[in-house]
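So the chains spell out like this:
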Amino acid sequence: MTNKLVKGTLILSVATLFTKIIGSLFWAPFQNIAGDETVGLYRISFPFYSILLMVASAGIPITVSKFVAERLSHQDHHGARQVLKAAAFLLTISGFLAFSLLFFGADFISKVLLENPPTKLSLQVLACAILIVPVMAVIRGYFQGHQQMMPTGISQVIEQIIRVGTVIGLTYWMVNAGFSEAEVAAGATSGALTGAIGGLLVVLWYDWKHRKTIPLLKRPTAHEPFFPLAKKILTYAIPISLASLVLPLIGLIDSFTVPRILMWMGNSESMTNTLFGIYSRGEPFVNVISTFSSSLTLALIPAISAHVAKNEMKAVKHKIKQAWLMTFVIGFPASVGLAIMAQPLNIMMYKNDLGSTTLAVLAFSAIFSTLAVTSSGILQGLGYNKLPVRHLTIGAVVKMIGNFLFIPFLGISGSALAMVIAYVVVCSLNMWMVKRKTKTKISVMRLFMKPIFCTILMAIALAVVLLLINQSLPVDASRWTYTAISVVLTLFAMIIYGVALLITGTIGEQEIRLLPMGAKLTQLFTRLKLLKTESLS
């Protein structure tokens, strides 16, 4: 991997990991303050916002990164700037249309589509954020096309800090002031708006600094016409938009089907919202695991596009192998560890162990979703934008069918099982198509078997220690006790797995040097005779 890609991946990984951790941890105080029913209302409302946000964005931020990278590969800096202007124009219009649809259609959506009137206020508050987020995303895409990931990383951090601060602060005040669950949920969703404003201000500041360098460059003799460029952006972006729609579409399917099925099973509206809130407990954990692949994909698409433009297919294949290896080595043990530690982590975050089985099942969706997202990014970088759309659509259909098949027998755990199966399908189709289109040859032993072996060692050690601890715990063990258990066992599992990776040669010097303080870690592991000098290709 090029140094720029590695640096970009590292910046986005650190920034996105930070935001995901904050975004995951805030669910604990939010649920503790507001309760599972309010969380359920929040979760039911959010997929509509996500869907319309994707429609408003129309896949343009990813398209911007690709188009900018292609023009910069030919030193066309003014052409890259023209891409930004055309995309911002398109998203200003689409953002306003999406806002109008959600804000003025909230009454119909809540009463007719969701059959859950308390969600109306949340939908209207979320609509306001759609006016801001798309433009912010376009500017992020512009800098990602330059393989400058700092603006995206910093804006993500600021956006998340403001968002979480708004959610927690406003929720605390509204609960103490005696507002209803629907009103508290709406107040919590306002964090999306305040966070977006903060993130937009950050990227605008970076763009103001960047614009100072543009006039110093030699202007091209011919400019790319504005409206033909806008049409080209839309033509490329729409398939990406459809692919992006499927991920929130799965959430939308859950919002439509899970509450309905639970009510068909005899649950009241209040209990249904509560159960949906409990089902949603697993999402923050899965999001943390998926952080790495999301960051890798953002850096991967423009880098692969640049190599494809230069017909450097050997470099493309190398990046594909590295991306899959790095995704699996991190995602698989994290999924297994989450499944084993579902109960203590659940109590640590939410004060009780309700839904621990659901969380354990849902954990296994993380590894397949991360590989699916990484492979989708590879296909998009190669220019095969319709393939991820097809595969994710198939996965969404599988998820819907799975909900109707499994929830009546397994409850909310049935929805988690359907999620796992859906991502298995998407992941398999994406990876198969990447291999077919690029003729990339992978070593099954290196990519899968060694990490699986290391994960098994970690899982056995973790399960045994957790069993011994549970046998010695009093029945009324405190939440802080489970917090200590979760933290200590997580570190224990990381050490066991890391040592196993080094001893088996799953990762080598090249991979270690990609980490923070990689040179020092390499020296340390070499002295301890844990590091094999031969690196992976």
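Definitions and limits used
- Residues numbered from 1 in each chain as written.
- Predicted model: local features only at pLDDT ≥ 70, side-chain atom pairs only at ≥ 80, totals over all residues.
- Heavy atoms only, no water.
- Helix = DSSP H or I, 4+ residues; strand = E, 2+ residues; numbered from the N terminus.
- Buried < 20%, exposed > 50% of the residue type's maximum accessible area, 1.4 Å probe, protein only.
- Contact = heavy atoms within 4.5 Å.
- Areas by Shrake-Rupley, 256 points an atom, 1.4 Å probe, with all protein chains shown as cover.
- Salt bridge = Lys/Arg side-chain N within 4 Å of Asp/Glu carboxyl O.
- Phe/Tyr/Trp six-rings, centres within 6.5 Å; stacked < 30°, edge-to-face > 60°.
- Axes fitted to C-alpha atoms, helices over the stretch in contact; angles between N-to-C directions.
- Parallel < 35°, antiparallel > 145°, perpendicular 65-115°, else oblique.
- Left-handed = near helix turned anticlockwise from the far one by under 90°.
- Nonpolar A, V, L, I, M, F, W, Y, C, P; charged D, E, K, R; others polar.

Chemist: How do you make sense of the overall build of the protein chain when you look at a structure like this?
Modeler: Check the secondary structure of the protein chain and you find 24 helices and zero strands. Among the 537 residues that make up the protein chain, the fraction classed as buried is 56%. Sequence-distant contacts, at least 24 apart, represent 83% of the contacts inside the protein chain between residues at least 6 apart. Working note: accessible area of the protein chain is about 22700 Å², and carbon and sulfur atoms make up 70% of it.

Chemist: Please clarify how the pattern of salt bridges should be interpreted in this entry.
Modeler: Any two side chains of opposite charge can pair, so long as their charged atoms come close to each other. Under the criterion given, the structure shown has nine salt bridges. Its salt-bridge partner being arginine 140, residue glutamate 159 comes within 2.8 Å of it at the nearest N-O pair. Taken together, the positions of glutamate 159 in helix H9 (residues 150-176) and arginine 140 in helix H8 (residues 133-145) put the pair 19 residues apart, joining distant regions of the chain. Arginine 140 shares its class with glutamate 159; the two are buried.

Chemist: When you look at the packing of aromatic side chains in this model, what are you seeing that I'm missing?
Modeler: How two aromatic rings sit relative to each other is given by the distance of their centres and the angle of their planes. With the rule as written, the count across this model stands at 20 aromatic pairs. Seen in terms of ring centroids, tryptophan 27 and phenylalanine 30 are 5.7 Å apart; in terms of plane orientation they differ by 50°. Their pairing is tilted. One end of the pair, tryptophan 27, and the other, phenylalanine 30, are both in helix H2 (residues 27-34), three residues apart, so they sit about a helical turn from each other. Phenylalanine 30 matches tryptophan 27 in its accessibility class, with the two residues each being buried. The rings of Phe26, Trp27, Phe30, Tyr42, Phe46 and Tyr49 are connected pair by pair, giving a single aromatic cluster.

Chemist: How should the environment of isoleucine 304 be read in this particular structure?
Modeler: Here isoleucine 304 lies in helix H14 (residues 282-309). With relative accessibility at 0%, the residue isoleucine 304 sits in the buried group. Spatially, the C-alpha atoms of isoleucine 304 and leucine 379 are 9.5 Å apart, while their sequence positions differ by 75 residues. In contact with isoleucine 304, other than residues within four places in its own chain, are Val316, Lys319, Ile378, Gly381 and Leu382.

Chemist: Can you help me understand the packing of helix H3 (residues 36-57) against helix H10 (residues 181-189) in this one?
Modeler: The description of two packed helices rests on the angle between their axes and on the distance between the axes. Across the interface, H3 lies against H10 with an axial gap of 9 Å and an inter-helix angle of 55°. The angle between H3 and H10 falls in the class oblique. For the pair H3 and H10, the crossing hand works out as right-handed. Across the interface between the two elements, Glu37, Thr38, Leu41 and Tyr42 from H3 touch Glu181, Ala182, Val184, Ala185, Ala188 and Thr189 from H10. Taken together, the residues that form the contact of H3 with H10 break down as six nonpolar, two polar and two charged.

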